[in-house]
Amino acid sequence: MRLRPPFTRRSFLRGAASLGGGLLLGCGRGGCARSAPLERRTAGVVVVGAGLSGLVAARELRKAGVGSVVVVEARNRVGGLTISQEVSQGVMVDGGGAWVSPKHTRILALAEELGVGTVDAAESKGNPVFLFDGVRVAGTGRLFSRAEARELRQLRDKLEGMAAELPVGAPWDAPRAAEYDEVSMAHWLADNSSTVWGRRDIDLAIDFTFGCQPYDISLLRFVAAVKSVGGLERLMAISDSQDVSFSGGSQMLSVKMAEALGDQVLLASPVTRIVDDPAGPVRVETERLSIECGHVIVAMMPADARRIEFEPELPELKAGLISNWTGSPDYKAHIVYKTPFWRNNRLNGTAVGDGVVVDFIFDSTPAAGTPGVLVAFGAGEELPATVDDRKEVVTQSLVSFFGEEALDAINFVEMDWLTEEWSTGCASPLAPGVLSKYGPALRQPVGRIHWGGSETSAEFDGFMEGAVRAGERVASEVAAILRESGAIPAPAKSG
Ligand SMILES: Cc1cc2nc3c(=O)[nH]c(=O)nc-3n(C[C@H](O)[C@H](O)[C@H](O)COP(=O)(O)OP(=O)(O)OC[C@H]3O[C@@H](n4cnc5c(N)ncnc54)[C@H](O)[C@@H]3O)c2cc1C
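Residues numbered from 1 in each chain as written. Predicted model: local features only at pLDDT ≥ 70, side-chain atom pairs only at ≥ 80, totals over all residues. Heavy atoms only, no water.

(A) Quick peek at the site of the ligand. Taken together, 32 residues sit near the ligand, with Glu73, Arg75, Leu81, Ser454 and Met464 positioned nearest. At a separation of 2.6 Å, an oxygen atom of the ligand approaches a polar side-chain atom of glutamate 73. Glycine 462 is positioned with one of its backbone polar atoms (N or O) 3.0 Å from an oxygen atom of the ligand. Contact with the protein chains hides 95% of the accessible area of the ligand, taken as 1000 Å² for the molecule alone. Put simply, the parts of the chain that give the shell around the ligand at least two residues each are helix H2 (52-63) and helix H15 (464-484). Across the shell around the ligand, the residue classes tally to 18 nonpolar, twelve polar and two charged. (Near = heavy atom within 4 Å. Polar contact = N/O pair within 3.5 Å; in protein donor to acceptor, adjacent residues only side chain to side chain. Areas by Shrake-Rupley, 256 points an atom, 1.4 Å probe, with all protein chains shown as cover. Helix = DSSP H or I, 4+ residues; strand = E, 2+ residues; numbered from the N terminus. Nonpolar A, V, L, I, M, F, W, Y, C, P; charged D, E, K, R; others polar.)

(B) Structural context of the domain arrangement of the protein chain. Domain parsing of the protein chain yields domain 1 (31-80 + 249-327 + 425-484), domain 2 (84-105 + 112-126 + 241-247 + 328-419) and domain 3 (146-238). Taken over C-alpha atoms, the centre of domain 2 sits 27 Å from the centre of domain 3. (Domains from an automatic or database assignment.)

(C) Spotlight on the packing of aromatic side chains. Scanning the entire structure with this criterion turns up 14 aromatic pairs. When the ring of phenylalanine 341 is compared with that of tryptophan 342, the centres are 5.1 Å apart and the planes differ by 80 degrees; the resulting orientation is edge-to-face. Taking relative accessible area as the criterion, tryptophan 342 reaches 0% and is therefore assigned buried. One cation-aromatic arrangement involves lysine 332 over tryptophan 99; the distance from NZ or CZ to the ring centre is 5.3 Å. (Phe/Tyr/Trp six-rings, centres within 6.5 Å; stacked < 30°, edge-to-face > 60°. Buried < 20%, exposed > 50% of the residue type's maximum accessible area, 1.4 Å probe, protein only. Lys NZ or Arg CZ within 6 Å of the ring centre and 35° of its normal.)

(D) Spotlight on the pairing of strand E4 (residues 69-72). Going residue by residue along E4, you find Val69 and Val71 tucked away on one face and Val70 and Val72 tucked away on the opposite face as well. Alignment of strand E3 (residues 39-48) against E4, held across four bridges, turns out to be parallel. Across the sheet, residue valine 48 finds its bridge partner in E4, namely valine 72. Traced from E3 through H2 to E4, the parallel crossover comes out right-handed. Looking at chain direction, E4 and strand E11 (residues 265-266) are connected through two bridges and run parallel. Each residue of the ladder has a partner; that of valine 72, found in E11, is leucine 266. (Pairing = 2+ DSSP bridges. Right-handed = clockwise from strand over helix to strand, strands pointing away.)

(E) Quick peek at helix H10 (residues 251-261). Looking at H10, one finds that the buried residues are Gln251, Leu253, Ser254, Met257, Ala258 and Leu261. Across the axial projection of H10, the buried residues extend over an arc of 155 degrees, all falling on one side. Summarising the geometry of H10, the exposed residues directed more than 90 degrees from the buried face are Glu259 and Ala260. (Arc of directions from axis to C-beta.)

Structure representation (structure tokens):
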């Protein structure tokens, strides 16, 4: 197993100990200090968070006949964990969520409805490069011994077997949920594996999918993710989940949905407090606005909701879910070259290794063939403070994999999610004990407060597909209540 410093930037999980945004915003138990009275507005439904999930929820509610849906977003842009970045004239890349597979049916359908095209992943002819324990190998041929390959299959079978026991979307209901949630993946691997590559293979899947160390994630959380994506192969086979990206970047989906909602999307408006007093309407408050509404949807990672004060206090299980949820912030950089030089050396641009600053690298060259673009995910040692120093250490990692030509970059564009105030993390590794105890509160509405965000999805949670499915699910939950009360009409019968 790879050895890493005990506290690295990559292993910096934002968990229960992190400062809540309430403190950052000058809010406390008694509410937020304000100098001027709040401007008042009304809406049928308020959606908090203009990421994919929140915008899909708003769009679906509008389709269902809800006249007034207001989306309130903390950032001055929409898209949340998706962001498009220009690396060369007209060449856009994704600084956040990027790739989807053909199994991601809801987001592909949404893209089609919105007129956002898809782009095939870069051609993958040639070999991947591996760099472990200082040894560089091109191709998988000599990577592991027969004994290691056998153990690897056994470990995968065991994990698949456990995943098969879990009910879809409710791993906490499995008969052995508590048992699986008692141990970390590090613990389980130590008990079940004796070869270097047996452990390393799973370790890499944990690192790539969750951006954490095996001791940061429980066995139940890991096998729940296997279940959620439909199998370990899909979680580990990076190419399978990277079939297509969206032209213009996946943020385009949110941009188009927000355009259709027009001035009902309020940017730069962090929600500080939600008051659900049964005697009156729900109140959603920002520093300058109070919106009265019938229902509110909170569409973000549970950990992000720590920045919102709820009145009355949330039930113990929901409050525990929010305070114990961990997010792991990731680092993603695009390094641009005149041409994809690695292809001339029969390499496909995929590189995985240890002891380097960026440990997962892929070819992100546009279909036109130029410029050559590598996308690199951060790992290991703490990254330096300045962009010039980060560029230097990232480039040195690329040299280790691809040789001296990697020094000739013409552009370097990075996205450091660790420094993003409004996102706790990119993925959700959960420590032992969290999922089995607090999981049942994930989707359960609290009064008129409903919960969206990718993590609440029964399938593909933590992916853009999960965000879309969660948005659809929470919108239909709210629409059903509004229909029941006669606030919106029943859907017209077809035929
Ligand atoms: C580096 C990286 C790589 C990824 N790669 C992939 C990939 O290849 N494929 C894939 O499918 N997925 C990928 N993902 C995950 C995917 O991007 C997310 O799962 C998905 O975009 C989450 O959408 P969401 O709407 O649920 O949450 P978010 O996008 O997090 O949206 C939540 C929104 O709520 C806002 N907010 C937070 N607090 C407040 C507040 N108090 N008031 C108002 N607004 C608030 C936030 O600003 C944000 O806009 C990746 C993510 C990252 C970061």
